[in-house]
Structure formats: C-alpha cells, structure tokens
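Coordinate analysis (summary)
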Amino acid sequence: MNNRPVFIIGMMGSGKSTKGKKLAKLLDYQFIDLDLEIEKQVGTSITEIFKTKEEHNFRALETQILKELSKPNTLISCGGGTPCFNNNIEMLKKTGHVVYFKASNEALVLRLINAKATRPLIQNLNSDEVLVKLNTLLSERVMFYDQADLIVEALNLSPIRLKELTESIKSLSN
C-alpha cells in the first residue's frame, strides 16, 4: 500500500468517527477527526464557531486545517460538508482515497435525535424537521459524496465488513 491518506466522508451520524477509528486501526493509520482538530486549534466548539464566525469562515478554516492534516498514513474523518466546499472533493481525491459512508436519512435521524446539541445544523430542530434538513443537505451533497473511490453502507459495518473495507482500500493503491 502506498500509504496515501484515507478520507471518510458522509452525512453527520453515519459513523465516520466511530467506525473510522476502527478502520484506521486495521489499516495501521493515525486516526484524525477533522471537527475535533478544528475545535482544538480554534479553542472552541464547532457550534460556537458557526455562531460567531458564520459558516463560510468555518469552511475556510476547515479547508486550511484539512490540507495541513492530509499526510501519509492518516485516516481523516471529515465533517459532513467538508467535501462540498472550496473544491475539497478534488483535493481529497488527488491526495488520497475517499470512502463515502452512506446511510438512509431515516436511520440517521434515529442516531442524531439524541446528539443534536453538538450538531449546529440541526440543534434546534425536532425529529421531523431533522429529517427534512437531512433530505435537503443530502440533495445538495450527494453529487460530492458520489465521487468517492468507495461507497459503503455505513450502518452495516460489522467487524468482518470493516476488514473487507480495509482490503478494498488497500487494493485502491495497487
């Protein structure tokens, strides 16, 4: 394997961070959660950044930090919007391997409804409104997500499927 970075993209709640950590371990890569790195560098939460700096400023910062972190032997769990701004999808594809964790919005609502406080795009919405918001976001983002090198069903990532995914990622380098 040529050790190119791996980027996990997909909607919020699709398991990019939780399954990404396990996938990084299987690949023997360093795991990086892009949102957590942004929070660490800025010294405040993503929610606060959205409130105080507005989304376009957050997206510029996100792109800058993404470029800094994109190194060999890293697996980066990207924020849901990361590939959709500032030509990031092109940079991701040129730099490494892109894996889209795909999940139905109905399933994502069930995962997200109890974690809304940490999700600035849905934090003040009820479950019906979250579904509408996810449908809108996905319709805007799917053209970016579908450019991934691999598309996997995120909600069926058992340990066996993660090992198979590891082999699929390794085969991209050959």
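Let me begin by describing the structure that accompanies this report. (Residues numbered from 1 in each chain as written. Predicted model: local features only at pLDDT ≥ 70, side-chain atom pairs only at ≥ 80, totals over all residues. Heavy atoms only, no water.)

**So, the nonpolar core**
Rules: Working definition of a nonpolar core: buried Ala, Val, Leu, Ile, Met, Phe, Trp, Tyr and Cys residues. They are joined through side-chain atoms within 4.5 Å. Burial classes: relative accessible area under 20% of the type maximum marks a residue as buried, over 50% as exposed, and values in between as partly exposed (1.4 Å probe, protein chains only). Runs of H or I in DSSP of at least four residues are treated as helices and runs of E of at least two as strands, each being numbered from the N terminus. Residues count as neighbours in contact if any of their non-hydrogen atoms are within 4.5 Å of one another.
With 49 residues, the main nonpolar core has Ile9, Val99 and Leu165 as its most contacted residues. If you tally residues by element for this core, the top one is helix 3 (residues 46-69), at eight residues. Each residue touching Val99, except ones within four places of it in the same chain, is listed here: Val6, Phe7, Ile8, Ile9, Ala148, Leu150, Val152, Leu165 and Ile169.

**Remarks on the sheet that holds strand 1 (residues 6-9)**
What counts here: Being paired, for any two strands, means DSSP has found at least two bridges between them. For helices, the axis comes from a line fit to the C-alpha atoms of the stretch in contact; other axes are also lines fit to C-alpha atoms, and the angle between any two N-to-C directions lies between 0 and 180 degrees.
Taken in spatial order, the five strands of this open sheet run 2-3-1-4-5, and their pairing is parallel. Since the sheet does not close on itself, it has two edges, and those belong to strand 2 (30-33) and strand 5 (150-153), each with one partner. Ignoring which end each strand starts from, the neighbouring axes of this sheet average 20 degrees apart. Across four bridges, the pairing between strand 4 (residues 97-102) and strand 5 is parallel. Each residue of the ladder has a partner; that of Phe101, found in strand 5, is Val152. Along the sheet face, helix 1 (residues 16-27) touches strand 1, strand 2, strand 3 (74-77) and strand 4 and points at about 165 degrees away from the line of strand 2.

**Here's the deal with the pairing of strand 1**
Because side chains alternate across strand 1, one face comprises the buried residues Val6 and Ile8, and the other comprises Phe7 and Ile9, equally buried. Bridge count for strand 1 against strand 3 is three bridges, and the pairing is parallel. Within strand 3, the residue paired with Ile8 across the bridge is Ser77. Where strand 1 and strand 4 come together, four bridges link them in parallel fashion. The partner of Ile8 across the bridge, within strand 4, is Val99.

**Topic: the packing of aromatic side chains**
Convention followed: The rule is short: rings of Phe, Tyr and Trp, with Trp giving its six-membered ring, pair when the centres are within 6.5 Å, and they are stacked under 30 degrees, edge-to-face over 60, tilted in between.
Counted by the stated rule, this structure contains two aromatic pairs. With 4.9 Å between their ring centres and 45 degrees between their planes, Phe50 and Phe58 make a pair best called tilted. Accessibility classification places Phe50 together with Phe58 in one group, the buried group. Centre to centre, the rings of Tyr100 and Tyr145 are 4.9 Å apart; their planes meet at 40 degrees, and the pair counts as tilted. Here Tyr100, found in strand 4, pairs with Tyr145, found in helix 6 (residues 127-145); they are 45 residues apart in sequence, far enough to count as distant. For the pair Tyr100 and Tyr145, a shared accessibility class is recorded, and that class is buried.

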